[in-house]
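Commentary on secondary and tertiary structure
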Amino acid sequence: KAGVTQTPRYLIKTRGQQVTLSCSPISGHRSVSWYQQTPGQGLQFLFEYFSETQRNKGNFPGRFSGRQFSNSRSEMNVSTLELGDSALYLCASGTGTSDNNEQFFGPGTRLTVL
Amino acid sequence: AQSVSQHNHHVILSEAASLELGCNYSYGGTVNLFWYVQYPGQHLQLLLKYFSGDPLVKGIKGFEAEFIKSKFSFNLRKPSVQWSDTAEYFCAVNARGGYQKVTFGIGTKLQVIP
């Protein structure tokens, strides 16, 4: 089975721009979660999508949004980028069942905001 | 809301030393517990997981963790570390029942000196 893929792997943007990141989950997985990873902060949960519906949301401003398509692929968008948005953005997929929430992670997208 | 505390942010050990990384969570109900590892330059991957049953869980590469419900703890152990165990380790928890997000700890960087 192919793993979770994320594109692009690296991005450099300037403040005020917007960015869209893409995630393709493992085949058969209906849950996709997004995390922001920064040194000293660990993994901060952004949101989770399950069958095209946002099921959980973290404490991030409205500039961070996402969606999921019928094939379970997901995108996240960050508008009006700030310097503090520089981070590794991780996507994880899973079955999404409450008794088995194992997350399978992609390699991440490294976003640098200048 | 659930939360996870990892007590040691940076641990340095010599090869063959024993390892114990602390993890405590706060949530009054039933939980799923995970340890993930991120080797330098690699994806986050699952080390071990606890859903139910035997509280002593064995994972890959000789790691194990013990769930102590009364202490809300899920400490990771390895009797003898190797240089190749140098990585960042993340404890994670999610509440069972309903579709709760997975909450990660801040991570512990382990450096093993040959």
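For the structure itself, consult the block above.
Residues numbered from 1 in each chain as written. Chains lettered and ligands numbered in written order. Predicted model: local features only at pLDDT ≥ 70, side-chain atom pairs only at ≥ 80, totals over all residues. Heavy atoms only, no water.

**Here's the deal with the overall build of chain B**
Under the convention used in this document: Counting from the N terminus, the helices are the DSSP runs of H or I reaching at least four residues and the strands are the DSSP runs of E reaching at least two. The quantity called the radius of gyration is restricted to C-alpha atoms. Its globule counterpart is 2.2 Å times the number of residues to the power 0.38. Burial classes follow relative accessibility: with a 1.4 Å probe on protein chains only, a residue under 20% of its type's maximum area counts as buried, one over 50% as exposed, and anything between as partly exposed. What makes two residues a contact is simply this: any of their non-hydrogen atoms within 4.5 Å.
Scanning chain B from terminus to terminus reveals zero helices and twelve strands. For chain B, whose C-alpha radius of gyration is 14 Å, the value lies close to the compact-globule estimate of 13 Å for 114 residues. Principal-axis analysis of the C-alpha atoms gives chain B an extent of 45 × 25 × 20 Å. Out of the 114 residues in chain B, the part that is buried amounts to 47%. A separation threshold of at least 6 residues defines the contact pool for chain B, and within that pool the share at least 24 residues apart is 55%.

**Some thoughts on the overall build of chain A**
Scanning chain A from N- to C-terminus turns up zero helices and eleven strands. Walking chain A from its N terminus toward its C terminus, one meets helices and strands in the order β-β-β-β-β-β-β-β-β-β-β. Scaling as 2.2 N^0.38, a compact globule of 114 residues should have a C-alpha radius of gyration of about 13 Å, and chain A matches this with 13 Å. Across its three principal directions, the C-alpha atoms of chain A cover 40 × 30 × 25 Å.

**Points about the interface of chain A and chain B**
To keep it simple, the criterion reads: Here the quantity called buried area is the accessible surface, traced with a 1.4 Å probe, that two parts lose on coming together, added over both. Basic side-chain nitrogens of Lys or Arg form a salt bridge, by our definition, when they fall within 4 Å of a carboxyl oxygen of Asp or Glu. Polar contact is the term for a pair of N or O atoms within 3.5 Å; when the atoms are in protein, one must be able to donate a hydrogen and the other to accept it, and sequence-neighboring residues count only if both atoms are side-chain atoms. Only Asp, Glu, Lys and Arg are considered charged in this grouping, and only Ala, Val, Leu, Ile, Met, Phe, Trp, Tyr, Cys and Pro are considered nonpolar; every other residue, Gly among them, is considered polar.
Taken residue by residue, the interface counts 22 residues in chain A and 22 residues in chain B. At the boundary of chain A with chain B, total buried surface from both sides reaches about 1800 Å², with 55% on carbon and sulfur atoms. At the surface where chain A touches chain B, the tally comes to one salt bridge. Taking the shortest distance from any N to any O, the salt bridge between A:Glu102 and B:Lys49 comes out at 2.7 Å. Viewed at the interface, chain B and chain A are joined by four residue pairs in polar contact (both at pLDDT 80 or more). Elements supplying a minimum of two residues to the side of chain A that touches chain B: β4 (31–38), β5 (42–50), β6 (53–57) and β9 (87–94) of chain A. No other element matches β5(A), which puts three residues into the side of chain A that touches chain B. In the side of chain A that touches chain B, the residues fall into seven nonpolar, twelve polar and three charged.

**Here's the deal with the nonpolar core**
Within soluble globular proteins, side chains that are nonpolar tend to cluster in buried spots. Operational definition: To form a nonpolar core, buried Ala, Val, Leu, Ile, Met, Phe, Trp, Tyr and Cys residues must be joined to one another through side-chain atoms within 4.5 Å.
Residues B:Leu33, B:Trp35, B:Leu47, B:Leu48, B:Phe74, B:Leu76 and B:Tyr89 are the most contacted members of the largest nonpolar core, which totals 28 residues. A:Leu11, A:Val19, A:Phe60 and A:Met76 belong to the second largest nonpolar core, which has 21 residues in total.

**So, the side chain of A:Glu48**
Residues and elements named next belong to chain A. Its location among the elements puts Glu 48 in strand β5. Assessed through its relative accessible area of 4%, Glu 48 is described here as buried. Side-chain polar atoms of Glu 48 contact the side chain of Ser 31, separated by 2.8 Å. Separated by 2.6 Å, the side chains of Glu 48 and Arg 55 make a polar contact. If sequence neighbours within four positions are ignored, Glu 48 has contacts with Ser 31, Val 32, Ser 33, Thr 53, Gln 54, Arg 55 and Asn 56.

**Details of the pairing of β4(A)**
Residues and elements named next belong to chain A. Defined as follows: Two strands form a pair only when DSSP identifies at least two bridges running between them.
With eight of its eight residues buried, β4 lies for the most part within the structure. Residues of β4 alternate between two faces, with Ser 31, Ser 33, Tyr 35 and Gln 37 on one and Val 32, Trp 34, Gln 36 and Thr 38 on the opposite face, all of them buried. Hairpin connection from β4 to β5: three residues lie between these consecutive antiparallel strands, with Gly 40 at a positive phi of about 85°. Direction of pairing for β4 relative to β9: antiparallel, over a ladder of seven bridges. Residue Ser 31 lies in a different strand from β9, and its bridge partner there is Gly 94.

**A short note on the state of the cysteines**
When the sulfur atoms of two cysteines share a covalent bond, that bond is a disulfide. Note the following rule: Criterion for a disulfide: a pair of cysteine sulfur atoms within 2.5 Å.
A complete count under the given rule lists two disulfides over all chains for this structure. Shown here is the disulfide that connects A:Cys23 with A:Cys91, its sulfur atoms set 1.7 Å apart. With the S-S bond torsion at -55°, the cross-link from A:Cys23 to A:Cys91 turns out left-handed. One end of the pair, A:Cys23, is in strand β3 (residues 19–24); the other, A:Cys91, is in strand β9, and 68 residues separate them in sequence. The class of A:Cys91 is buried, set by a relative accessible area of 0%. A sulfur-sulfur distance of 1.9 Å marks the disulfide that ties B:Cys23 to B:Cys91. Taking the torsion about the sulfur-sulfur bond, which here is approximately -65°, the covalent link between B:Cys23 and B:Cys91 counts as left-handed. You can see B:Cys23 sitting in strand β4 (residues 23–26) and its partner B:Cys91 sitting in strand β10 (residues 87–95), a full 68 residues away along the chain. Each member of the pair, B:Cys23 as well as B:Cys91, is classed as buried.

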